[in-house]
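Okay, here's what each chain looks like letter by letter:
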Amino acid sequence: MFKRILVAVDGSKTSLGALDKAIELQKLMPEAEIFILCVYKHHSLFEASLSIGRPDDMDIPDKVLSEYAKEVVNHAKDMAQDHGATHVRGFVKAGRPSKVITRFAQDKEADLIVVGTRGTHSDKDGMFLGSVSHRVAAHAKCPVLVV
């Protein structure tokens, strides 16, 4: 049924729960690929210019965020493989998470997107869905499973 399952992870418990669900689905469809994607928000020069101090290397925030995202993806890949998943690939992208996730899903022709209800930056005010999962569900061209 599903050939390409995209899982968006950010290191939060709910995103790792989404990964668990994708692994379960792959066990039902062993030929399916799992694409693990971590999106970090690009640190713009404009945002940096608003700070009091300016670092010598303006790329430092992006490098740190990119490295963290790589760690999140590598951890998720290891976790998936430890739980028996096969055909697992990891990706790191910069940008607005909801837009990057939906665009990536289209580019990779994903049949399903799996996301957690809330990520690392969600507030705890009782909302049922975080803003990223809500936007992905609203704009994706394929089915979205919110875990």
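Residues numbered from 1 in each chain as written. Predicted model: local features only at pLDDT ≥ 70, side-chain atom pairs only at ≥ 80, totals over all residues. Heavy atoms only, no water.

The name given to the protein in an unreviewed UniProt entry is Universal stress protein, with the source organism recorded as Marinobacter salexigens.

1. Describing unusual backbone geometry
Definition in use: Each helix corresponds to a stretch of at least 4 residues labelled H or I by DSSP, and each strand to a stretch of at least 2 residues labelled E; elements are numbered beginning at the N terminus. Only protein chains enter the accessibility calculation, which uses a 1.4 Å probe; a residue is then buried when its area is under 20% of its type maximum, exposed when over 50%, and partly exposed in between.
Not every positive phi belongs to a glycine, and His87 is a case in point at roughly 55°. Residue placement: His87 occurs in the loop between α3 (60-82) and β3 (88-94). Accessibility expressed as a relative area gives 47% for His87, which makes it partly exposed. In this model, Glu109 sits at a positive phi of 55°, which is unusual for a non-glycine residue.

2. So, the side chain of Ser66
For clarity, the cut-off: For this analysis, residues touch if any pair of their heavy atoms sits within 4.5 Å.
Relative to the helices and strands, Ser66 resides in helix α3. Given a relative accessible area of 12%, Ser66 falls into the buried group. Setting aside its immediate chain neighbours within four residues, Ser66 contacts Tyr40 and Val92.

3. A few points about the nonpolar core
Going by this rule: The set of buried Ala, Val, Leu, Ile, Met, Phe, Trp, Tyr and Cys residues whose side-chain atoms join them within 4.5 Å is what this entry labels a nonpolar core.
Counting 26 residues, the largest nonpolar core has Ile5, Val7, Val9, Leu19, Ile34, Ile36 and Val114 as its most contacted members. Among the elements of the structure, β1 (4-8), α1 (13-28), β2 (33-40), α3 and β4 (112-115) are those that each provide at least two residues to this core. Dropping the residues within four chain positions of it, Val114 is found in contact with Ile5, Leu6, Val7, Ala8, Ala18, Lys21, Ala22, Leu145 and Val147. Counting residues in hydrophobic clusters, the runner-up holds 16 residues, among them Val100, Ile101, Phe104 and Ala110.

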